Structure formats: structure tokens, C-alpha cells
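Tertiary structure, described
Here is what each chain is made of, one letter per residue.
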Amino acid sequence: MNTSTAGVSIHQGSPRYPLASWFARCFFLVTWLGFAALGRAEIAPEHVRQAIRRGVRYLQGQQNETRGGWRERPLHQGGVTALCTLALLESGEPVDSPAVARALSYLRGLDEPTSTYSAALQIMVFAAANTPQDRPLIRRNAQWLERAQIGGENGGAWSYTPHVPAGARGDNSNSQFAMLGLHEAERAGIDISTETWQRALDYWLRCQRDDGSWGYYLERGSESPPPGTGSMTCAGIAAVVIAAGQLHEGDARVVGDAIRCCQPQADDSPVQRGLQWLGRHFSVQHNPGPIHPARLTQSQAGLFYYLYGVERVGRLTGQRFIGQHDWYREGAAMLVAEQDALSGFWVGRGHAEDDPLIATSLALLFLSKGRRPVVMAKLQYGEADTVWDPHRNGVHHLSLHLEDLWQQQLTWQTIDLRAASLEDLMESPVLLISGTADLPLTAEQKDNVRNYVRQGGFLFAEACGDGDEFDRAFRSLVRELFPDQRMQLLPPEHPIWFAQQEVDPEFMRPLYGIDACCRTSVVYSPEDLSCLWELSRGERTAEYPPKVQAEIDAGLAIGANVLAYATNRQLREKLEPPRIIRPGEAAQQLARGRLVIPQLQHGGSDPTDAANALPNLTQWLESEVGLRVGAMSEPIALTDLRLFDYPLLFTHGRRDFRWDSAQRNGLATYLRRGGFVFANAICASSEFANAFRREVQAALPEAEFLRIPYEHPLFTRQFGGKDLDNVRLRDPQSRQPGDPLEDRMTRIRPLLEAVEIDGRLVAVFSPYDISCALEQHAALGCKGYPTEDAAALSINVILYALQQ
């Protein structure tokens, strides 16, 4: 994000009278007319959306509308059609859309599959479609795959067809698809035998090379598997994660009626060694590995198949980075650049990928599945022996629970605080800090966590097991990071207890919090929660005693409530850059050559109320219209003579206040001499709204607050802003017991009130929240405009004020 400083300062030596001087107008015109749009070389969400739309249109145009399928490949009846249909579904095409409906009808009419690829891909399609009528077909194909698994002492793999003798050699490509199909079948509620998973896990572990990679197959009678490749290493990592997840008890246990948390962790070194190999050899330009025997162009052989595997590895392991590579950003940028601009397809080289139907489907699967929004990130900290993730599957299982509740596909990540920047932290709306002992954070890491919260992030912490040491460490950390705020027990009426689900009172756990602006932004549980999420087992059912299951359900409900409250169920798109005000920028913005906007002092707010709203607004002004503006770090009083150095004041609040006669006189003089005040009520606080109207009218007895008409030029592009005929409003809804807390987003005419003097607007007031939106706090129950609309309204108001 560009944070350079330049321009003209009005507060340095500018005349006290009149305020709306020709100099101020010249400053605005020169700065604005000299603005050049800032372009980012990086890939943007809209680039990906456009690429997906073009790819979808290509597949739709290639479908045989009469029979509903696509051009098939020999021996894999229904395979290409299933792959194309899966790509359409994952790209957002509805189940009842014409293309998908025709394809599903075609696939449902096929006989029992005859190849592993077809059987697995059909399961994946039927599971994604999620219609009850397809459940028998999922079961049929899952049973087919179980029968097709190669038996014998060295079995566990799959080949192309089921008619393979025990001990014969399978291959890792067919085996990978079989694992994916069985995994989706189990998620759909179809039981897969433990023996199938165990044979598969044993096979994949035998296949792994000493360097951590996997090759195409396990050479019979050889202790040295074939050379590793990127695509097969992705297959091996994903297969081990899936199989181990079905077989291992996890990091928590149930013994009788007792829950045992923080149990010894199963070895995951095969996965870690695979990730390390992939990180060392990572590329989005070619499939890492030896040159293809036919000497095909290295940059294209198996590339799309490999990228589809990269997406799966990143998602299943929660990795935003593979090695030093932001795998989704790099892969998306390459795919957007390589897409055929005219027809919207992709095409590769080598077996199968020279067919644009297959290459395009694989590219769409990478782009669409990889961009699932992040709901939470686990924070890695400390040294190699630090227990920062005592329940490794807990967040994954909670995410699956939320997918069912929100009917939205989600993902999660792990962020290494030792290497992460503030921008990296801001990619996730919620950071989870777990632990059993001390929190050994450096000063830089503490600064990043503090600024993450101040920039609109949400910190969720829990002490695990016998976490007395962690409890002390976290409370100490909070006191250090937020010395002016106290962590307090959240009362039963706090919305965090019912934002998503009611919590069984028998299993309520204490939650402590720190407020920032219009919401609680730090939540701490001194008792284990991820332990209960771990025990939910995600897609694999477990038989627990009723009381244990009730406690697990309560833990899931608490986790769901915290995340619903923290995010308002509105998640940032992948690749959407967060807006960040860096520490110390407020002071830098006061440098000579920059217009400065102070915040007006009153008794209706405290310094922590939306403290970043005005600095963030200045960033919006610079990035959207090129107006270089600074925000004063300290509020200014109405009796301060410096008041007349500034043509515009900003203020907000949430409580009642009163100005004395000197302050009212100061306001009246300021406004009559050409000044302008822009104000809003935090979270639509009626207490502040009534106070602000009352005090302005007391200062200007002849004034009256009236709604600005829809046709007023302030709501148009006349002054350099946007046409704002309508905007979105977040409107909290009344809630019945047992229902989730919800905000309804509606479109309304923008509502701003104003006071006029001699035909000039001198004070503009929003009774709906703007400031918390500018802070990027998506708080449930906060009536106001979402961030983009709040910024657009504010920009229009400021541009209007500077040109009067």
C-alpha cells in the first residue's frame, strides 16, 4: 500500500481568516488534478473472478446440450464430464443451472464406473452437488473403490481398473483420486472401512522417498522409489493427511466419561518432510521433477494437474506459504496470465493436459477452491519445542462445523509469527493463540499483535491443559499491549454468547474480553476449547457418552459464536489487500506539504473509541482520489486558537456530552468563518446523536439539522467523489431465543443530516455508524454503513467541504 507523504500543509503558517481561502482551494485542485491512479503489479481478486467467469463460459460452450456430457476419454466413461461438472460447481455455478443440471442428469444415468478416475470424480461431483438423491450413487462408487483397492501384503494402492491381482503395482495418480473420492464419501456420511484407510496409509508411507518426495509409483522389489515430482508429492502429502485423519485418535481422548486434552501427538514427520521438499522445489511455472522422457516443454508438462495438487496441500495443511512462496497468489497470477484471452480456456502439454477441457477444469479448481475465504489462523510462536498447537485438528474441525452453519466453504491457515509481517497477520480476521506454557514473543512480534488488533483484527486465545503458566503469560501480555484497558469477564448478555448458537448452560466456560470501539476485539478462554473441537472429529463420526457429546457441542457452539461475532460472517476475499495504517504514520502525515484534519474534542467518547477511523479515512482519500491528507494524533478543543488553521474537523462518539459556553462560542465562530464539521454516531448511538444535535443548535440558535436531499450535489461526482444514489446499510435484526444474531444488509438512500449557514453546509452528521466501519470492525449489532460505503460517503463529504 502506498503510504508516501507529499502535498501542501494548511496548518503550517496559513491565515487564520478566512478558512475557506483560495489557498485551500488551490491546494485541493493541484493535488487532485495531479493524482495518477496507483496500480498494483500483484494479482487482484477481480482478475481471478474474471478468469473464472471466462473459464466457466468456455466449459459451458463445449457441453453437448443434448446428452449433457462433455467429450469423454477412452476407458474413463463419465470422467471428463465429472471433472468439468466439479469445476463448474466449485466455481459457483448453482446445482440447478442449465449446464450443471444437464451434466448431473447425464452422470446419474451412467452404469457402474469402470475406472478409478471416473468412480472418484463422480463421488466428488455428487458430494459437491449435495442432493439426497445422489447419496446411493456416492455409496455405490465408494464401495466400488474399496473393492478396487489392491490387496496383498504390499497392497493399498489403486490402478486404472478394479481387476488387478493382489500384490500388483498400482500408481500414485489413480491412488490419489481414489483417496479424494473416499474422503468426500465419508464427509457425505458414507462409512469407509478402517482397513481401507490403514492399507492406504501404509502404502503411501512406503512410497515416500528419503528426501521427502513421492514419485509416480512404488517399484516392486526395489527399495528405491522412482524420482519425486511436484504433482506426486502433493498427492502423497494429501493422502497421508486424509488417511491419518481417519485413523488417528487425534490430540485429545475420551476415556469413559472423562475428556483428556493435550495428549501425546502422533508423528506427522512424513507430511512435514513432504512440505519441506515441496518448499525447496516449488514453482508455478512447471511441475517440479525430472525432465519428461518425451522431452516435452518442462514449463507445461503436467502443470495444471500439479497446481490442482498444490491447492489441495495448501488447504488441507492450512499453509498460506509453501516454503517462501504464497502459493495461491503466485499460481493465480500465472493462470490469469496464461488463460486464452479470446476463448477463456487453458491448455497444457503432455498426457491429458493437451485437452483444454481437462486443463481448464484443473485451472478452475485451483482458482476457485484456493480462494475460499480464511475464517481463522493459528498463530505459531516460540522455538521448535514450544507447544503452540496442542490440538492440531481443532481449528479444522471447527471450520467444518461453521461450513455447515453458514452454508459457505471456508478455509483456515497457520501463520508463523516469527516470520510474519503485519500485512500477513491482517490476511486473517481472527488469530488463535493456544498454549500450555510461556509466551516468548519478541518486541517486534508484540508490536505486530498490538497493531493487528488496532487495525481491526480479532485475537482469540485459550489456555490448554494445565495452562496456569500460559494464563499468567497471556494476562501479562494483554496488560503490556493494551495498558489503558482491562480484560473483563464477559457477562451473559454479551452477544458473543448467542451470536451463532445457544450454549448449554451446564457447559458454559468463562470468557474474558477487551473492547475496542464498538466490539470486543480480544477474547480469552482460561479453559480448553480446541480440545473439544478436536474431539468433534470433523467428518468422521465418533461414539461418545451423551454428557461428553453435549460438552463437545457446547465447545463448538462457543467457537462458532466467537467467530460469528468477530467476523459478522463477512470474510475478506483471498488476494484482497488489507488497508493498514502503520505505527507512527499519523505523526509523519503532519509533515509540511499535507492537508491535516484534526479530530474535535468532546466528552462523548474516549481515546480508544474508533481511534483509527480518521487515519484510515486519510488513507482512503489518498488511494481513491489522490488527496494527501494527514490526521492529528491528539484531538483539538474548541477553545484552541489553532482550530482556525484547519478548514475541516472530524468527530464521532457514543455517549452524551455537553459543551460549556466558551466551547459553543468557539464552534459558532469557527463555522461562521468558513469551517466545516463532519460527525457520525458510533454504532448509531442515539445518546451521542441527540447530544451532537443539541450542542450544535445551542451554538447556532438559528440552525436546524435537516436531511440532505437525495439530489444534492454532495451525493454526485460533481466534487470528485462517486455517484451515491443508494448505499448499503447494516441493520441489526430483532432476535428470538435460539436464533443466531444477524444483521440485515439493505440498500437505502444515503442518510446524512446538515446545518446550513447562508446557503453553505457547515456541519454534516451521519446518525448511522461510519467510524467503526472505517476501522474495519464488522461488529454484529452495529447499525451503520459497511466499510466501502462508509468510505465513499466520507470522501464525498470531505471533497464537498474543501470546495466550498
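Anything mentioned here points back to the structure above.
I will try to describe carefully the structure that is included in this document. In this text, all values refer to a predicted model and were calculated from it rather than measured experimentally.

1. Quick notes on the overall build of the chain
Helix and strand counts for the chain come out as 25 helices and 20 strands. The burial tally for the chain puts 58% of its 804 residues in the buried class. Restricting the contact set of the chain to residue pairs at least 6 apart, pairs at least 24 apart contribute 75%. Surface summary for the chain: the accessible area is close to 32300 Å², and the carbon and sulfur share equals 48%.

2. Re the packing of aromatic side chains
Scanning the entire structure with this criterion turns up 25 aromatic pairs. When the ring of Tyr768 is compared with that of Tyr785, the centres are 6.0 Å apart and the planes differ by 70 degrees; the resulting orientation is edge-to-face. Here Tyr768, found in the loop between β20 (760-766) and α24 (771-774), pairs with Tyr785, found in the loop between α24 and α25 (787-802); they are 17 residues apart in sequence, far enough to count as distant. For Tyr768, a relative accessible area of 17% corresponds to the buried category. With a relative accessible area of 0%, Tyr785 lands in the buried category. Following the ring pairs from residue to residue traces out a cluster consisting of Phe657, Trp659, Phe688, Phe692, Phe705 and Phe765.

3. As for unusual backbone geometry
Despite not being glycine, Arg569 shows a phi value in the positive range, around 60 degrees. Turning to its location among the elements, Arg569 is positioned in the loop between α19 (546-567) and α20 (585-588). Arg569 gets classed as partly exposed once you look at its relative accessible area, which sits at 21%. Non-glycine residue Asp758 carries a positive phi angle of around 50 degrees. Along the chain, Asp758 turns up in the loop between β19 (753-757) and β20.

4. Considering the side chain of Ser175
The residue Ser175 is located in helix α7 (residues 172-187) in this model. Only 2.7 Å separates the side chain of Ser175 from the backbone oxygen of Asp171, close enough to count as a polar contact. If we skip the residues at most four places from it in the chain, Ser175 touches Ala157, Trp158, Tyr203 and Trp204.

5. Thoughts on the state of the cysteines
Scanning the model with the defined rule gives 2 disulfides in all. The partner cysteine of Cys261 in its disulfide is Cys531, sulfur to sulfur 2.1 Å. Here Cys261 and Cys531 share a disulfide; its torsion about the S-S bond, -85 degrees, makes the bridge left-handed. Residue Cys261 is located in the loop between β2 (258-260) and α10 (269-281), and its partner Cys531 is located in helix α18 (residues 530-535); the two are separated by 270 residues in the primary sequence. Here Cys261 falls in the partly exposed class, since its relative accessible area comes to 24%.

6. Observations concerning the sheet that holds strand β16 (residues 706-707)
Within a beta sheet, neighbouring strands are joined by backbone hydrogen bonds and run either parallel or antiparallel to one another. As summarised here, the arrangement of the 5 strands in space is β14-β15-β20-β19-β16, forming an open sheet in which the pairing is mixed. Two strands bound the open sheet, and with one partner strand each, they are β14 (649-653) and β16. Lying on the sheet, helix α23 (residues 686-699) is in contact with β14, β15 (677-681), β19 and β20; it crosses β15 at an angle near 150 degrees.

7. Remarks on the nonpolar core
If you look at the biggest cluster of nonpolar residues, it comprises 100 residues, and the most contacted ones within it are Leu59, Leu145, Met179, Leu335, Trp346 and Leu367. Ignoring sequence-local partners within four residues, the contact set of Met179 consists of Trp158, Trp197, Ala200, Trp204, Ala239, Ile242 and Ala243. Formed by 48 residues, the second largest nonpolar core is a distinct cluster that contains Leu621, Val625, Ile770 and Cys782.

8. Points about the environment of Gln339
Within the secondary structure, Gln339 sits in the loop between α12 (327-338) and α13 (356-370). Gln339 gets classed as buried once you look at its relative accessible area, which sits at 7%. Between the C-alpha atoms of Gln339 and Gly55, which are 284 residues apart in sequence, the distance is 8.4 Å. Look past the residues within four positions of Gln339 in its chain and what remains in contact with it is Ala51, Arg54, Gly55, Gly344, Phe345 and Trp346.

9. Overview of α7
The end-to-end C-alpha distance of α7, which contains 16 residues, comes to 22 Å, matching closely the 22 Å that a straight helix rising 1.5 Å per residue would cover. With 14 of its 16 residues buried, α7 lies for the most part within the structure. The distance from a side-chain oxygen at the start of α7 to the backbone nitrogen of Ser173 is 3.0 Å, and the residue carrying that oxygen is Asp171. Immediately downstream of α7, the backbone of Gly189 shows phi near 100 degrees, a positive value.

10. So, the pattern of salt bridges
Overall, the coordinates contain 36 salt bridges when judged by the stated rule. With a shortest N-O distance of 3.7 Å, Glu573 and Arg371 are connected by a salt bridge. Note that Glu573 is positioned in the loop between α19 and α20 and Arg371 in the loop between α13 and β5 (374-380), a separation of 202 residues in sequence. Put simply, Glu46, Arg49, Arg53, Arg371 and Glu573 are held in one network by salt bridges that share partners.

11. Thoughts on the packing of helix α8 (residues 194-207) against helix α9 (residues 230-247)
Packed helices, taken two at a time, are described by the angle between their axes plus the distance between the axes. Where α8 meets α9, the closest approach of the two axes is 9 Å, and the angle between their N-to-C directions is 145 degrees. Helix-helix and strand crossings are classified by hand; for α8 and α9 the assignment is left-handed. Residues Thr194, Trp197, Gln198, Leu201, Trp204 and Leu205 of α8 form the contact with α9, whose participating residues are Ala235, Gly236, Ala239, Val240, Ile242, Ala243, Ala244, Gln246 and Leu247. Broken down by class, the residue content of the contact of α8 with α9 amounts to 11 nonpolar, 4 polar and no charged.

12. A word on the packing of helix α2 (residues 45-62) against α12
Two elements in contact, α2 and α12, have axes whose closest approach is 10 Å; the angle formed by their N-to-C orientations is 50 degrees. As judged from the angle between their axes, α2 and α12 are oblique. The interaxial crossing formed by α2 with α12 has left-handed handedness. Contacts between α2 and α12 involve His47, Val48 and Ala51 from the former and Tyr328, Ala332 and Val336 from the latter. For the contact of α2 with α12, the residue count by class is 5 nonpolar, 1 polar and no charged.

13. Describing the environment of Gly457
Relative to the elements of secondary structure, Gly457 occurs in the loop between α16 (443-454) and β8 (458-463). Once the C-alpha coordinates of Gly457 and His777 are considered, the two residues, 320 residues apart in sequence, prove to be 7.8 Å apart. Non-local contacts of Gly457, meaning those with residues more than four positions away in its chain, are made with Pro429, Tyr452, Arg519 and Ser521.

14. Overview of the environment of Lys547
Looking at the element boundaries, Lys547 is found in helix α19. We classify Lys547 as exposed; its relative accessible area is 56%. Sequence spacing of Lys547 and Asp257 is 290 residues, and the spatial spacing of their C-alpha atoms is 7.5 Å. Sequence-distant contacts of Lys547, that is, excluding residues within four places in its chain, are made with Glu506 and Phe507.

15. Quick look at the pairing of strand β7 (residues 430-435)
Where burial is concerned, most of β7 is hidden: 6 out of the 6 residues are buried. Both faces of β7 are covered, namely the face carrying Val430, Leu432 and Ser434 and the face carrying Leu431, Ile433 and Gly435. One ladder, built from 2 bridges, connects β5 with β7; its direction is parallel. The partner of Ala377 across the bridge, within β7, is Leu431. Two strands pair when backbone bridges link them, and β7 and β8 are joined in this way by 6 bridges, in the parallel orientation. Counterpart to Ile433 in the pairing with β8 is Ala461.

16. Details of α25
Over its 16 residues, α25 extends 22 Å from the first C-alpha to the last, a length consistent with the 22 Å expected when each residue adds 1.5 Å. Within α25, 15 of the 16 residues are buried, leaving the element largely enclosed by the surrounding structure.

Definitions and limits used
- Residues numbered from 1 in each chain as written.
- Predicted model: local features only at pLDDT ≥ 70, side-chain atom pairs only at ≥ 80, totals over all residues.
- Heavy atoms only, no water.
- Helix = DSSP H or I, 4+ residues; strand = E, 2+ residues; numbered from the N terminus.
- Buried < 20%, exposed > 50% of the residue type's maximum accessible area, 1.4 Å probe, protein only.
- Contact = heavy atoms within 4.5 Å.
- Areas by Shrake-Rupley, 256 points an atom, 1.4 Å probe, with all protein chains shown as cover.
- Phe/Tyr/Trp six-rings, centres within 6.5 Å; stacked < 30°, edge-to-face > 60°.
- Polar contact = N/O pair within 3.5 Å; in protein donor to acceptor, adjacent residues only side chain to side chain.
- Disulfide = S-S within 2.5 Å.
- Pairing = 2+ DSSP bridges.
- Axes fitted to C-alpha atoms, helices over the stretch in contact; angles between N-to-C directions.
- Core = buried A, V, L, I, M, F, W, Y, C linked by side-chain atoms within 4.5 Å.
- Expected span 1.5 Å × (residues − 1).
- Salt bridge = Lys/Arg side-chain N within 4 Å of Asp/Glu carboxyl O.
- Left-handed = near helix turned anticlockwise from the far one by under 90°.
- Nonpolar A, V, L, I, M, F, W, Y, C, P; charged D, E, K, R; others polar.
- Parallel < 35°, antiparallel > 145°, perpendicular 65-115°, else oblique.

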